[in-house]
Amino acid sequence: MCGIVGYTGHEEACGIIIDGLKRLEYRGYDSAGVALQQQGRLVVRKKKGKIEDLEKFIGSERLTGTTGIGHTRWATHGAPSDVNAHPHTSSDGRIAVVHNGIVENYVELRQKLADEEKIEFRTETDTEVIAQMIGVNYRKNGGNLEDAVYDAVQEMRGAYAIGVIAADTPDRIVAYRKDAPLIAGLGGDCKFIASDIPALLKYVNDIYLIENDEMVVCTPDSVRIYDENRRPVRREVMKVNWSIEDAEKGGYEHFMLKEIHEQPKAVQDTLLRRIDDNGRICLDGISLTKEDLQNITKIYIVACGTAYHAGLIGKYAIEKMARIPVEIDVASEFRYRDPVIDDKTLFIAISQSGETLDTLAALREARSHGARILSVCNVVGSSVARESDDVFYTWAGPEIAVASTKAYTTQLVCMYLIALYLGDLTGNISREYYDHILEELMAMPDKIRQTLEKAPEIEELARHLYNRTQVFFIGRGVDSAVALEGSLKLKEISYINSFAIAAGELKHGTIALMEPETIVIALATQDRLFEKMYSNIVEVKARMAHVVSIAKEGSDKIEAESTEVIYIPQCDDEVTPILTVIPLQLFAYYVAKIKGEDIDKPRNLAKSVTVE
Ligand code: M6R
């Protein structure tokens, strides 16, 4: 979704802002722009396309100015175009605005401005309405930018974060947050605003998290925060412990490949944060007591996309280990039905970014019914994290590629730890089983490394299969949930039509689609379901499908019925998803690479979906 960066200090702002925008590219965008204050006027440059297109457009023009705002736009209102790109300005060119989110009542506000102020709009965007409103207020109030912004947001409905500068209010950025991410960065003699931490890592590690309905006023020497009633707010500085290297490619061709290879460390970091010296899971910093947990009769897991797929595995694990009923739903569905939820429900929201609007809305819905909220989240201080009673952080580090990889495997680790903890608490699992699964988890970083060594083999497979138009993923038990994730990975970056189905369902319809050379990726890692899965493979093979099986080492029998087999190391059935997904991630990556697709920024997709 859109990205915002603003800088005010003593250096030339343009390069700093563009550098910050590049680090927000992962959010997805279709145009980019900057606005700079230059001795009593505003200079705006914006362009459809990539940030490089904006840079080319600026060319050798020296855009001076030590205060400015920049934006990457992901079109919602109005097609991607130069004119619809941000920043947008008021008709008199005195105000420039960047905006992430949606102004729901922009049509009526636009009409009002046209009728009462005779404003002629130049774009189809909701953002121009904001710029025009602030422009009118600013002119009428004699040039007080803070009042002009504050008065404008009183009229706006929706979810948004905005950054505003004025031609004749030097060295000042005013920003406002309502349900869209916004942070302020604290440099010695410079200050920033941004949508996300990676934009600022090169310059600052101290940030303020801006809350909903707060206005921020940045000058080179200060950041002031005000609540919705314009009362000053005191905010703790948050120290960010990610480094700039974490947010760079580090020699890899793509962020996705780097993040796939970071999984051993990410999984290890996530585990080590939660296992104490006695080999027990510790919930330090989590306020859920044993009594709270014993009061829980039902668990709801809600998430979107890949995070939802991690939730599916969580359901298997919690129901098996703790024998507590678990319901799972995608957030966009959950929020609009009438879920049966009360104060005996534990609601688990899973989100890498912590800013996914549907997940956040579902969380609020659950809270309004009295549920206790636990989130599994990667971004410290994100909206989901802040609105939860407790947070179980994944320690994946920044995930930049749109296709989620290390977030998924670390989310799985969290779900296993939660399941084991609950299982122990409810007395449903023995100490031996608890220790055994923990040992299995602790062995995962090494086993992921061993699986990653299969990369050349998987690249070769991708080279043979990259031009197929249809791929099926099948599996049983937890493998059917991993199949969904493998299929999503492939389709989102390679644009191949892929489809995942529980293998036992094939005969109920989908097997009709099997033709000679249809690719079937068969996940057969579950010992207890192996024979059943084997029969499914035989069935599709009989229809001449090209079967690529993923199986545990030692399952040699499968070779007779498979065109290729990729083996993962031996491990307990329960925790196989952490390994099974690795070849699927690599397969999707190499197919997309061979096809020449834009792997880190697939078409039409955004890293964090902050609108409905
Ligand atoms: O940030 P979140 O985990 O809430 O994001 C949820 C989905 O948008 C995300 O997992 C998406 O499906 C991935 N890009 C898929 O790779």
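Residues numbered from 1 in each chain as written. Predicted model: local features only at pLDDT ≥ 70, side-chain atom pairs only at ≥ 80, totals over all residues. Heavy atoms only, no water.

(A) Quick look at unusual backbone geometry. The omega torsion of the bond from histidine 86 to proline 87 falls at 0 degrees, within 30 degrees of zero and hence cis. Tracing the backbone shows proline 87 in the loop between β4 (67-73) and β5 (88-89). In the Ramachandran plot, aspartate 171 falls in the positive-phi region, its phi being about 55 degrees despite a non-glycine side chain. Mapping aspartate 171 onto the fold places it in the loop between β7 (158-166) and β8 (173-178). Phi is positive for asparagine 604, close to 65 degrees, though the residue is something other than glycine. Tracing the backbone through its elements, the reader meets asparagine 604 in the segment after α19 (577-595). Overall, asparagine 604 belongs to the exposed group, its relative accessible area being 67%. (Helix = DSSP H or I, 4+ residues; strand = E, 2+ residues; numbered from the N terminus. Buried < 20%, exposed > 50% of the residue type's maximum accessible area, 1.4 Å probe, protein only.)

(B) View of the nonpolar core. Counting residues in hydrophobic clusters, the biggest one holds 130 residues, and the most contacted among them are Ile299, Ile318, Ile348, Leu441 and Ile521. Ranked by size, the runner-up nonpolar core spans 31 residues in total, among them Val103, Ile119, Leu145 and Val217. (Core = buried A, V, L, I, M, F, W, Y, C linked by side-chain atoms within 4.5 Å.)

(C) Inspection of the UniProt feature "domain: SIS" (unreviewed entry) in the protein at higher detail. Taken from the UniProt record, the annotation "domain: SIS" (unreviewed entry) applies to residues 289-428 and 461-602. Segment residues 289-428 splits into 45% helix and 20% strand. End C-alpha atoms: 18 Å apart. Structurally, residues 461-602 is divided into 38% helix and 21% strand, and its ends, taken at the C-alpha atoms, are 22 Å apart. (UniProt positions renumbered as here; feature names shortened; annotations may be inferred.)

(D) Just the side chain of glutamate 440, in detail. Tracing the backbone shows glutamate 440 in helix α14 (residues 431-442). Apart from residues lying up to four places away in sequence, glutamate 440 is in contact with Lys447, Cys571, Asp572 and Val575. (Contact = heavy atoms within 4.5 Å.)

(E) Spatial organisation of the domain arrangement of the protein. We note that the domain assignment places domain 1 (3-246), domain 2 (251-442) and domain 3 (452-595) within the protein. On a C-alpha basis, the centres of domain 2 and domain 3 stand 26 Å from each other. The interface of domain 2 with domain 3 comprises 31 residues on the first partner and 25 residues on the second. When domain 2 packs against domain 3, the two sides together hide about 2,300 Å² of surface, and 68% of this comes from carbon and sulfur. Put simply, domain 2 and domain 3 have twelve residue pairs in polar contact (both at pLDDT 80 or more) between them. Mapped onto the side of domain 2 that touches domain 3, the elements with two or more residues apiece are α6 (255-261), α7 (263-272), α9 (305-322), α13 (406-425) and α14. No other element matches the nine residues that α9 contributes to the side of domain 2 that touches domain 3. (Domains from an automatic or database assignment. Buried area = accessible area lost by both parts, 1.4 Å probe. Polar contact = N/O pair within 3.5 Å; in protein donor to acceptor, adjacent residues only side chain to side chain.)

(F) Representation of α19. Helix length check: α19 (19 residues) gives 27 Å between terminal C-alpha atoms against 27 Å at 1.5 Å per residue, within 8%. With respect to burial, α19 is a largely interior element, 16 of its 19 residues being buried. Two residues or fewer after α19 comes glycine 596, characterised by a positive phi angle close to 75 degrees. (Expected span 1.5 Å × (residues − 1).)

(G) The arrangement of empty space enclosed by the protein in detail. Inspection of the entire model under this criterion finds five cavities of 30 Å³ or more. The calculated volume of the largest cavity comes to roughly 200 Å³. Lining the largest cavity we find 24 residues, and of these Ser195, Asp196, Ser353, Glu355 and Val379 sit closest to its centre. Looking at the lining of the largest cavity, its residues break down into eleven nonpolar, six polar and seven charged. (1 Å grid on protein atoms, 1.4 Å probe; cavity = no way out; pocket = protein on both sides within 12 Å on 5 of 7 lines; lining within 4 Å. Points joined across faces, edges and corners; volume = space filled by probe spheres on them. Nonpolar A, V, L, I, M, F, W, Y, C, P; charged D, E, K, R; others polar.)

(H) Spatial organisation of the UniProt feature "active site" (unreviewed entry) in the protein. Here the UniProt-annotated "active site" (unreviewed entry) positions come out as Cys2 and Lys607. These annotated residues cover 606 residues of sequence, and their C-alpha atoms all fall within 9.9 Å of one another, placing them together at a single site. Of the annotated positions named here, the largest cavity is lined by Lys607. Topologically, cysteine 2 is positioned in the segment before β1 (3-8). Since its relative accessible area comes to 7%, cysteine 2 is described here as buried. Discounting residues that sit within four places of it in the chain, cysteine 2 has contacts with Arg27, His71, Thr72, Arg73, Trp74, His99, Asn100 and Ser195. Relative to the helices and strands, lysine 607 resides in the segment after α19. With residues up to four places along the chain from it excluded, the contact list for lysine 607 reads Met1, Tyr26, Arg27, Gly28, Gln352, Glu399, Ile400, Ala401, Val402, Ala403 and Ser404. A distance of 2.8 Å separates a polar atom in the side chain of lysine 607 from the backbone oxygen of alanine 401.

(I) Geometry of the site of the ligand. By nearness alone, 14 residues border the ligand, and Ser351, Gln352, Ser353, Thr356 and Glu492 come closest of all. The separation between an oxygen atom of the ligand and a polar side-chain atom of lysine 489 is 2.9 Å. For the ligand, the protein covers 91% of the area, taking 410 Å² as the surface of the free molecule. More than half of the atoms of the ligand fall within 2 Å of the grid points belonging to the largest pocket. Counting residues per element, the ones that place at least two in the shell around the ligand are α9 and α17 (478-494). When grouped by side-chain class, the residues that make up the shell around the ligand number five nonpolar, seven polar and two charged. (Near = heavy atom within 4 Å. Areas by Shrake-Rupley, 256 points an atom, 1.4 Å probe, with all protein chains shown as cover. Sits in = over half its atoms within 2 Å of the grid points.)

(J) Spotlight on the sheet that holds strand β9 (residues 183-186). Strand order in the open sheet made by the eight strands is β3-β2-β4-β1-β10-β9-β11-β15, with antiparallel pairing throughout. At either end of the open sheet lies a strand with only one pairing partner, and these are β3 (41-48) and β15 (238-239). Both β9 and strand β10 (residues 191-194) contribute to a ladder of four bridges, which runs antiparallel. Bridge pairing links glycine 185 to phenylalanine 192 in β10. Against the sheet, helix α2 (residues 51-58) touches β2 (31-38), β3 and β4, its axis set at about 130 degrees to β3. (Pairing = 2+ DSSP bridges. Axes fitted to C-alpha atoms, helices over the stretch in contact; angles between N-to-C directions.)

(K) Geometry of the sheet that holds strand β25 (residues 564-568). Ordered in space as β22-β21-β23-β24-β25, the five strands form an open sheet in which the pairing is parallel. Bordering the open sheet on either side are β22 (497-502) and β25, each of which pairs with just one other strand. Averaged over neighbouring strand pairs, the angle between their axes works out to 20 degrees when direction is ignored. With five bridges joining them, strand β21 (residues 470-475) and strand β23 (residues 519-524) adopt parallel strand pairing. The residue bridging phenylalanine 473 from the neighbouring strand is isoleucine 521, located in β23. In the packing of helix α16 (residues 455-465) onto the sheet, the strands contacted are β23, β24 (546-552) and β25, and the crossing angle to β25 comes to about 150 degrees.

(L) Molecular detail of a negative patch on the surface. Taken together, Glu11, Asp171, Asp189 and Asp221 make up a surface patch of like negative charges. One can find aspartate 189 in the loop between β9 and β10. With a relative accessible area of 43%, aspartate 189 lands in the partly exposed category. (Patch = residues over 30% accessible without salt bridge, like charges linked within 9 Å, V, L, I, M, F, W, Y side chains within 5 Å. Salt bridge = Lys/Arg side-chain N within 4 Å of Asp/Glu carboxyl O. Lys, Arg positive; Asp, Glu negative; His and termini not counted. Charge placed at Lys NZ, Arg CZ, Asp CG, Glu CD.)

(M) Layout of the pattern of salt bridges. Evaluated as defined, the whole model comprises 49 salt bridges. We note a salt bridge from arginine 449 to aspartate 446, for which the minimum N-O separation is 2.8 Å. Placement of the pair is arginine 449 and aspartate 446 together in helix α15 (residues 444-452), with a separation of three residues, close to one helical turn. Through salt bridges that share partners, Asp19, Arg23, Lys202 and Glu248 make up one connected network.

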